[in-house]
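# Structural characterization, general
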Amino acid sequence: MDSFWLVTMAILAGAVRGGTPFLFVSLGECLTEKSGKINLGQEGSLLAGAMTAYAVSYHSGSPWYGVLAAMGVGMLLGLLFAWLSQLPRTNDIAVGIALMLFGSGIAFFFGKPYIQPSAPLLPGIPLGAWSDSTQIQAALRICPLFFLGLLTAYFLAWFLRSTRWGLQIRAAGDQPSAARALGISLKAVRTWAAMAGSGLAAVGGSYLSLYYPGAWTEAISGGQGLMAVALVIFARWDPKMCLVASLLFGGAQSVGPALQAAGIQTGYYLWNASPYVLTLIVMVITCSTKKSLAGAPGALATGE
Amino acid sequence: MTLIPPENLERFTQAPASLDLYRITKKFGDFTAADEISLTVPPGTVHALLGENGAGKSTLVKCVMGFHPATSGEIMVGGHVREIQHPSDARKYGIGMVYQHFTLVPSMTVTENLVLSRPDVPAAVNWKRETARLEEFMATEAPFKVPLHKRASELAAGEKQKTEILKQLYLKSRILILDEPTSVLTPAEATEVLALLRQMTVAGRLSIIIITHKFREVFSFADDVTVLRRGKLAGQGKVKDLDRDSLAAMMMGGTSSAKPVPSAPRATTSTSSRRTALRVKQLSVLGDNGLTAVKDVSFELAEGEVLGIAGVAGNGQRELMEVLGGQRPAATGSLEAHGQPYHGTRRDILAHQFHTLPEEPLRNACAPMLSMAENIALRTFDQPPQARWKWLLNFRAIRKSALPLIEAYSIKTRGPDTPIRDLSGGNVQRAILARELSTLPLKILVVSEPCFGLDFAATDFVHQKITEARDRGVAVLVVSSDLDELLKITDRLLVMSGGQITYETPTATADLAVIGTHMAGHG
């Protein structure tokens, strides 16, 4: 196989491998934002989820308990966000930043003892077992959480379109006064949306510590929780587009390592910056002072 | 919230749709917003609820709708006393409300909006079945058609209003409360919607309470009328036994009858002989969504003239207004004041004495946290005596210059140091009007919806001030969706529709029907 195919293969595999956490965080954020709240604390949920999953997996011996525990912790953080951000005279962004710091703070504080020991990790499904090539085998080794994320994306799209709760969430996010007139409790709807959203972000965190890279370190996230917020804008608040955007960001992340693996050393660190550059480009393209964004929930972070 | 089984819903909605309110009182702390108000709506009739702002109309209907339960009093639906503690109770008894501000979710289609409004939205919605059901409803029961697949944000105001009414019929409401339903419609749309509702009451399908301040609607549409004033019942009766003067006397409390603004003396000299103060040349403006909101608009405004721009809200007036006020860049075209290019900078504003009074002044023309005196000084604070060397502010002078204006414009406030956001809407409007009109060399004045939400007295006052300014030789442009207001105070009228000026007429010879068709875009 020549190096072009090697690089392409590696990038595609990287899209799946690196895109999974983006997928969970962005789906969670998409759900939260659809209800009219913007939660920047997703980064905190991601880190707290990563730490919790690793610790619980280490103590219980089962990585799946870790994933569940991470989800629980994420939902608690989401509850905290929902409560704080719906108090009078607070602001989503400020509360989000506070929770980002809080979430990472508790993760670092309780996570110190788990940096050294190794916990049981999530298994990969060897879809490339038919091939002799170790590269193909490695590329097609896919974490079950990715498929779970894939299902979640399609489920969420259906949920928002065709269920009572989905319609209520959209009403709350787009026109709170209409939702109130329909007797929908904004508080309840937004609390559940924030909890579910934060829980999903924490599952994304468990993927980081339990599959790829597969260890607990404080630098594990690299701001992925924040990038996922940009990604939701890029995806126009559409869960299926979140999937596409996550894969794109994941792919961008793996350009550097893939090129290095193929023996191309030039600009390694520059290539590693590509997801961040992509974030900036998305922001510049989609933000305009003159027009509001199509697809954006009408009441997003308006404090209404 | 409990869901009602369909068979119960059927039972309630089949009940004769009469509504009796018996001595309803609503207190907020020490303040009595509605005081022992009783009224009766017999089945199949229209009852008008009339009153100035703050008279207690909304408070009363919110009690009926269960938004805030009444402090005391009884509500009877179909002859039975009913406890209404929550909006779902009102819905259970077949009472529905159409709000002044639309309660459709803009990003959802009409179908989605209708299904969402049901008390028993299925956990998982089968869109195919719901669509089929709605199509059948539209074909059999609905008195008018709306496009089911369109998003609410794509509907015109009239279609939205119709959708709101359809929603209530779809929910099988038998008693309908309409809160100023025609404020966003063209005269033709208003007549159409009201006529359809009238038909449905005559057919015995609905009873209606309509909140309004338009006498025309009371006389052409209602059977009975209740007038509220300051939370109390000011009068009640059959519409056919009453006339305009007695209604106005009830509203104003008998002491000061609603005196019509002395109709403005129409321009005696032709406009062409006077100097042009403002010239708008082929102006195009983009809206928030990036689409063209104002398209190729040109007009001239002469000194000593009141020019009106009529139109249904949302046809580009706001964007035009924002360009005139320097808040939004023009895409193409230009503005000229007194023959010179005008860019809306502070220097231009001062040089041409070009003042604007945008709609919703608290949001668009105030610094809400600053005191009233400081807000009044926003035009002059950098000029002596309010500032020394153009930068050192003299707060005592700012305060002092506000005092005579508070007096002259009878602004009700605790004092010049009150933050302006603590003032009521009418008083904010007066304060900003004081700011914009009090500078003596004022030459050009542009106002938008100057009387929105004001009571009779305040409306008269604003109209009088505008007429006075006109008589001083000020060039005045009034943008308003209230046609009656424009007919009263303007010398010349333009009609704006779809972002364009579609019609022009001297007000003295204006034909309401022709203006209406142009407002609706059928000109």
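So, how was this worked out
Residues numbered from 1 in each chain as written. Chains lettered and ligands numbered in written order. Predicted model: local features only at pLDDT ≥ 70, side-chain atom pairs only at ≥ 80, totals over all residues. Heavy atoms only, no water. Helix = DSSP H or I, 4+ residues; strand = E, 2+ residues; numbered from the N terminus. Rg over C-alpha atoms; globule rule 2.2 N^0.38 Å. Buried < 20%, exposed > 50% of the residue type's maximum accessible area, 1.4 Å probe, protein only. Contact = heavy atoms within 4.5 Å. Areas by Shrake-Rupley, 256 points an atom, 1.4 Å probe, with all protein chains shown as cover. 1 Å grid on protein atoms, 1.4 Å probe; cavity = no way out; pocket = protein on both sides within 12 Å on 5 of 7 lines; lining within 4 Å. Points joined across faces, edges and corners; volume = space filled by probe spheres on them. Nonpolar A, V, L, I, M, F, W, Y, C, P; charged D, E, K, R; others polar. Phe/Tyr/Trp six-rings, centres within 6.5 Å; stacked < 30°, edge-to-face > 60°. Lys NZ or Arg CZ within 6 Å of the ring centre and 35° of its normal. Pairing = 2+ DSSP bridges. Axes fitted to C-alpha atoms, helices over the stretch in contact; angles between N-to-C directions. Core = buried A, V, L, I, M, F, W, Y, C linked by side-chain atoms within 4.5 Å.

## Some remarks on the overall build of chain A
When helices and strands are counted, chain A shows 14 helices and 2 strands. Here the C-alpha atoms of chain A give a radius of gyration of 19 Å, agreeing with the 19 Å that 2.2 N^0.38 yields for 304 residues. With the principal axes as the frame, chain A shows a C-alpha extent of 65 × 45 × 35 Å. The buried share of chain A, taken over its 304 residues, is 53%. Relative to all contacts within chain A whose residues are 6 or more apart in sequence, the contacts with residues 24 or more apart total 76%. On chain A, roughly 13300 Å² of surface is accessible, and the fraction owed to carbon and sulfur atoms is 70%.

## Topic: the overall build of chain B
Across its full length, chain B holds 18 helices and 22 strands. For 523 residues, the compact-globule estimate of 2.2 N^0.38 gives 24 Å, and the C-alpha radius of gyration of chain B, at 25 Å, lies within 12% of that figure. With the principal axes as the frame, chain B shows a C-alpha extent of 75 × 50 × 45 Å. For chain B, the share of sequence-separated contacts (at least 6 apart) that also reach a separation of at least 24 residues comes to 67%. For chain B, the computed accessible surface area is about 23500 Å², with 53% contributed by carbon and sulfur atoms.

## Points about empty space enclosed by the protein
All told, the structure shown has 7 cavities of 30 Å³ or more when counted by the stated rule. Computed from the structure, the largest cavity encloses a volume of approximately 220 Å³. Lining the largest cavity are 22 residues; nearest its centre among them are A:Ala181, B:Met65, B:Arg91, B:Tyr99 and B:Gln168. Taken together, the elements giving at least two residues each to the lining of the largest cavity come down to helix 3 (87–92), strand 6 (95–98) and helix 6 (157–170) of chain B. Sorting elements by how many residues they give to the lining of the largest cavity places helix 3 of chain B first, with 4 residues. For the lining of the largest cavity, the residue count by class is 11 nonpolar, 8 polar and 3 charged.

## Considerations on helix 7 (residues 164–174) of chain A
Counting buried positions along helix 7 of chain A yields 9 of 11 residues, so the element is predominantly enclosed. Within the span of helix 7 of chain A, buried status applies to A:Gly166, A:Leu167, A:Gln168, A:Ile169, A:Arg170, A:Ala171, A:Ala172, A:Gly173 and A:Asp174. The inward-facing, buried residues of helix 7 of chain A contact helix 1 (3–34), helix 6 (144–162), helix 8 (176–181) and helix 9 (186–210) of chain A together with helix 4 (110–117) and helix 5 (127–140) of chain B.

## Focus: the packing of aromatic side chains
Going through the model one piece at a time under the given rule, you end up with 15 aromatic pairs over all chains. Judged by centre distance (5.6 Å) and plane angle (70°), the rings of A:Phe146 and A:Phe147 are edge-to-face. Residue placement shows B:Arg430 over the ring face of B:Phe461; its charged tip is 4.8 Å from the ring centre.

## Describing the sheet that holds strand 8 (residues 207–212) of chain B
Residue and element names in this part refer to chain B. Across the sheet, which stays open at both edges, the 6 strands sit in the order 6-7-8-3-9-10 with mixed pairing between neighbours. Bordering the open sheet on either side are strand 6 and strand 10 (232–238), each of which pairs with just one other strand. Across the sheet, the axes of successive neighbouring strands diverge by a mean angle of 15°, strand direction being ignored. Pairing of strand 3 (residues 46–50) with strand 8, which is carried by 5 bridges, proceeds in the parallel orientation. When the sheet's bridge partners are listed, His-47 is paired in strand 8 with Ile-209.

## Focus on the pairing of strand 2 (residues 31–41) of chain B
Bridging between strand 1 (residues 19–28) of chain B and strand 2 of chain B involves 7 bridges; their strand directions are antiparallel. Paired with B:Ile24 across the bridge in strand 2 of chain B is B:Ile37.

## Some words on the nonpolar core
Note on soluble globular proteins: their nonpolar side chains tend to be buried together. Membership of the largest hydrophobic core comes to 110 residues, with the highest contact counts inside it found for A:Trp216, B:Leu197, B:Val225 and B:Leu247. If near-sequence neighbours (up to four positions away) are discounted, A:Trp216 is found in contact with A:Leu47, A:Ala50, A:Met51, A:Tyr54, A:Ala107, A:Phe108, A:Gly111, A:Tyr114 and A:Ile115. Counting 44 residues, the second-largest nonpolar core is a separate cluster that includes B:Ala365, B:Leu483, B:Ile515 and B:Met519.

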